[in-house]
Every structure is written in structure tokens, then in C-alpha cells.
Amino acid sequence: MPGVKKARETVWFRHWVAESYSVRQLAQLSGHSPRTLWRIIVYWMERRPVEEFDFSRFKHLIYDGTYFHKDGCFISLMDGRSQKIISYIYAQKEGYKTTVEWFRELRARGLYPLYITMDGERSVIRAMAETWSQARIQRCLYHIQREGMRWLRSYPKTAAGKTLRVLLKTLCQIRTKAERDLFIQAYESWVEAYKDFVLALPRTQVAYKDLKKTMTLIRNALPDMFYYLEDPLIHKTTNALEGFYSRLKGHYRSHRGLSKKHRISYLSWYCYFKNHG
């Protein structure tokens, strides 16, 4: 265990990690020399924080990953109630092989979520289903809306594309079961009105590809889009975790140039300090 002096020094390390203070700023605040502050930073960066959780308490999770450079993806699980990062890994890329062992380890430590909000990464959904058969996947509405509108483009050239784009704009605004039912009815009416038109388009035409992709996206996601209306603790988007990543990357940019080892250590300490903020 670190001594009292080392424990006192963590305040400067915390400012460096979680608040983007430069060593020059820390020297002005602390009275320490830059050399001493770098020694403090390196001491703690060579270590990892230890954080214990009662995983059986966490029933509503948010999952997402974000890339750092070309050699790594930071993937984490956030507790939907407290919005604390309860577990994370740093891997070369996001996928089944990357996540399934991680999920199994968490299950062995007592994690049995009921709902997990995430995007539509199929390989990760498969890993979740194999690990936690009881868990329901709440598809992130923002991802569905953003992906669909990207495929439909800003100015669709067909009436089918224009109508579907207007419908997708309402997705993240659904707050009641009545609004859900209206959305589903409107989509089914759209399919009835335009399905034959879409299928009749030349396969090489951009409009066909865009509309077909969007139809498939909505059809596949629809069964898992509205669990949040049954339970207020379920997040309908991954925005809470994406916001965390945005702030994390903003702070990390102040310390660019870290080795991969120290980058992973930095991410670990950032999560630890934010969890205990």
C-alpha cells in the first residue's frame, strides 16, 4: 500500500488525469518542481487502480466502444443508474472474440444484467446472448436514427425516401406507448405504400440501396427498440456513455504521445477518478 506521502501526491496526479492540468500548471499550484511532478505521474501511471464492485447490483447497463489511434478500442460497460463505469477492456478491435471472454468473466463475478442498451453490433450482441440469456438488448435509438438518415441522405430524391426520413426524425422523441404505436403504424403504412416501389428499382440504383438498407435496419431493430417504455431505468440511447467518451477524449488530447501501456493506464485512472468524483 502507498504511504501517506504517496497518497497526498495523488491529488496532483488526479488533476493531471481528470482535469487536463499541465505539469506547468501543477507546478504553479503545488510548489513542486516539474521534475518532481513527472516523477509522481510516472509512479502512478506504472500502477492500475483497484476498484471492487458488487456486480449483482447492476441490472441496467450501457455498452459502447470508442477507438484510440489505430491500435486500440476502449470498450466499457456503464451502470445505467449511477452512470459509473463498472468494467472495461482495451482491445485491438470490437467484436465477438474480444468481448465474449470478458462477458463470461463478469458473469463469473456475479454480473447478470436484465437490460443492456447498445448499438447494433451483431457480433457483440451474439456474445451477450451466449453469456446472459436473460438479458434484453435495448437498441440505441440515436444510432438507428443516425444510420438510417445517413443512408437516406440529406435530400432524398424519391417520395419514399423523403417520407421515411421524416418518420425517422421522430424516433428519439417517442416517450409513451401511444407514440410508439403511432410510429409502428406509420412505418407499416410506409412499407405497404412503398415496398413494391423499392423492390422494383434497379438493383444498381443508389435509391434502391439506400432504401433497402434503411428498411432492413428498422425491421431488424424494431423488436428491441422500445423496452425503455416499460422501465424508466433503461436508457433508450447510449448517449450517457458516448458523452463520457467525449469528455475522456477531450482530456486525453492534452496528454497525447503516451505509450500504449501508459494510455491504458491513463484510461483506467480516468474511469476510477470519475467514478469517485
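Predicted model, so just to flag it, every value in this text is computed and none were measured.

Calculation notes
- Residues numbered from 1 in each chain as written.
- Predicted model: local features only at pLDDT ≥ 70, side-chain atom pairs only at ≥ 80, totals over all residues.
- Heavy atoms only, no water.
- Helix = DSSP H or I, 4+ residues; strand = E, 2+ residues; numbered from the N terminus.
- Buried < 20%, exposed > 50% of the residue type's maximum accessible area, 1.4 Å probe, protein only.
- Contact = heavy atoms within 4.5 Å.
- Areas by Shrake-Rupley, 256 points an atom, 1.4 Å probe, with all protein chains shown as cover.
- Lys, Arg positive; Asp, Glu negative; His and termini not counted.
- Charge placed at Lys NZ, Arg CZ, Asp CG, Glu CD.
- Salt bridge = Lys/Arg side-chain N within 4 Å of Asp/Glu carboxyl O.
- Axes fitted to C-alpha atoms, helices over the stretch in contact; angles between N-to-C directions.
- Parallel < 35°, antiparallel > 145°, perpendicular 65-115°, else oblique.
- Left-handed = near helix turned anticlockwise from the far one by under 90°.
- Nonpolar A, V, L, I, M, F, W, Y, C, P; charged D, E, K, R; others polar.
- Pairing = 2+ DSSP bridges.
- Core = buried A, V, L, I, M, F, W, Y, C linked by side-chain atoms within 4.5 Å.
- Expected span 1.5 Å × (residues − 1).

A. Quick peek at the overall build of the chain. Within the chain, the regular secondary structure consists of 11 helices and 5 strands. Projected onto its principal axes, the C-alpha positions of the chain cover 75 × 40 × 35 Å. In the chain, which comprises 277 residues, the share counted as buried stands at 48%. Sequence-distant contacts, at least 24 apart, represent 63% of the contacts inside the chain between residues at least 6 apart. On the chain, roughly 15,000 Å² of surface is accessible, and the fraction owed to carbon and sulfur atoms is 51%. Counting 48 positive and 26 negative side-chain charges, the chain places the centres of these two groups 7 Å from one another.

B. Region of the structure containing the pattern of salt bridges. Under the definition given, this model contains 11 salt bridges. Notably, a salt bridge pairs Lys261 with Glu46, separated by 2.8 Å at the nearest N-O pair. Taken together, the residues Lys261 in helix α11 (residues 260-275) and Glu46 in the loop between α3 (34-45) and β1 (60-67) connect sequence positions 215 residues apart. We classify Glu46 as partly exposed; its relative accessible area is 39%. Measuring nitrogen to oxygen at the nearest pair gives 3.6 Å for the salt bridge that ties Arg126 to Glu130. Separated by 4 residues within a single helix, Arg126 and Glu130 lie in helix α5 (residues 122-131), roughly one turn from each other.

C. The arrangement of unusual backbone geometry in detail. The backbone of Ser20 shows a phi angle near 65 degrees, a positive value even though the residue is not glycine. Its identity is not glycine, yet Gln83 carries a phi of approximately 60 degrees, on the positive side. Note on placement: Gln83 falls in the loop between β2 (73-79) and β3 (85-91). Taking relative accessible area as the criterion, Gln83 reaches 42% and is therefore assigned partly exposed.

D. Just the packing of helix α7 (residues 159-169) against helix α8 (residues 177-200), in detail. Following both chains from N to C, one finds α7 and α8 inclined at 170 degrees, their axes separated by 10 Å at the closest point. With respect to α8, the element α7 is oriented roughly antiparallel. The handedness of the crossing between α7 and α8 comes out as left-handed. Between α7 and α8, the contacting residues are Ala159, Ala160, Thr163, Leu164 and Leu167 on the first element and Phe183, Ala186, Tyr187, Trp190, Tyr194 and Phe197 on the second. A per-class count over the contact of α7 with α8 returns 10 nonpolar, 1 polar and no charged.

E. Structural context of the sheet that holds β1. Spatial strand order, β3-β2-β1-β4-β5: 5 strands in an open sheet with mixed pairing. Two strands in the sheet have a free side with no partner beyond their single neighbour: β3 and β5 (136-139). The mean inter-strand angle of the sheet, taken between neighbouring strand axes irrespective of direction, is 20 degrees. As paired elements, strand β4 (residues 115-118) and β5 share 4 bridges and run parallel to each other. Note on β5: the bridge partner recorded for Tyr115 is Arg136.

F. The arrangement of the nonpolar core in detail. Residues Phe13, Trp16, Val17, Phe74, Phe244, Leu248 and Tyr266 are the most contacted members of the largest nonpolar core, which totals 33 residues. Elements represented by at least two residues in this core include exactly α1 (4-18), α2 (23-30), α3, β2, β3, α10 (239-252) and α11. Sort the elements by how many residues they give to this core and α11 lands first, with 7 residues. Judged by nonpolar contacts, the second largest core, of 32 residues, contains Leu167, Ala207, Tyr208 and Ile218.

G. Representation of the environment of Gln25 within the structure. As for its placement among the helices and strands, Gln25 is situated in helix α2. Take Gln25: its relative accessible area is 37%, and that puts it in the partly exposed class. Spatially, the C-alpha atoms of Gln25 and Arg8 are 18 Å apart, while their sequence positions differ by 17 residues.

H. Highlighting helix α6 (residues 141-152). End to end, α6 covers 16 Å across 12 residues, agreeing with the expected 16 Å (1.5 Å per residue, within 8%). For α6, the full list of buried residues reads Leu141, His143, Ile144, Gln145, Gly148, Met149, Trp151 and Leu152. For α6, the elements touching its buried residues are β5, α7, α9 (206-221) and α10. Of the residues flanking the end of α6, it is Arg153, one or two places downstream, whose phi is positive at about 70 degrees.

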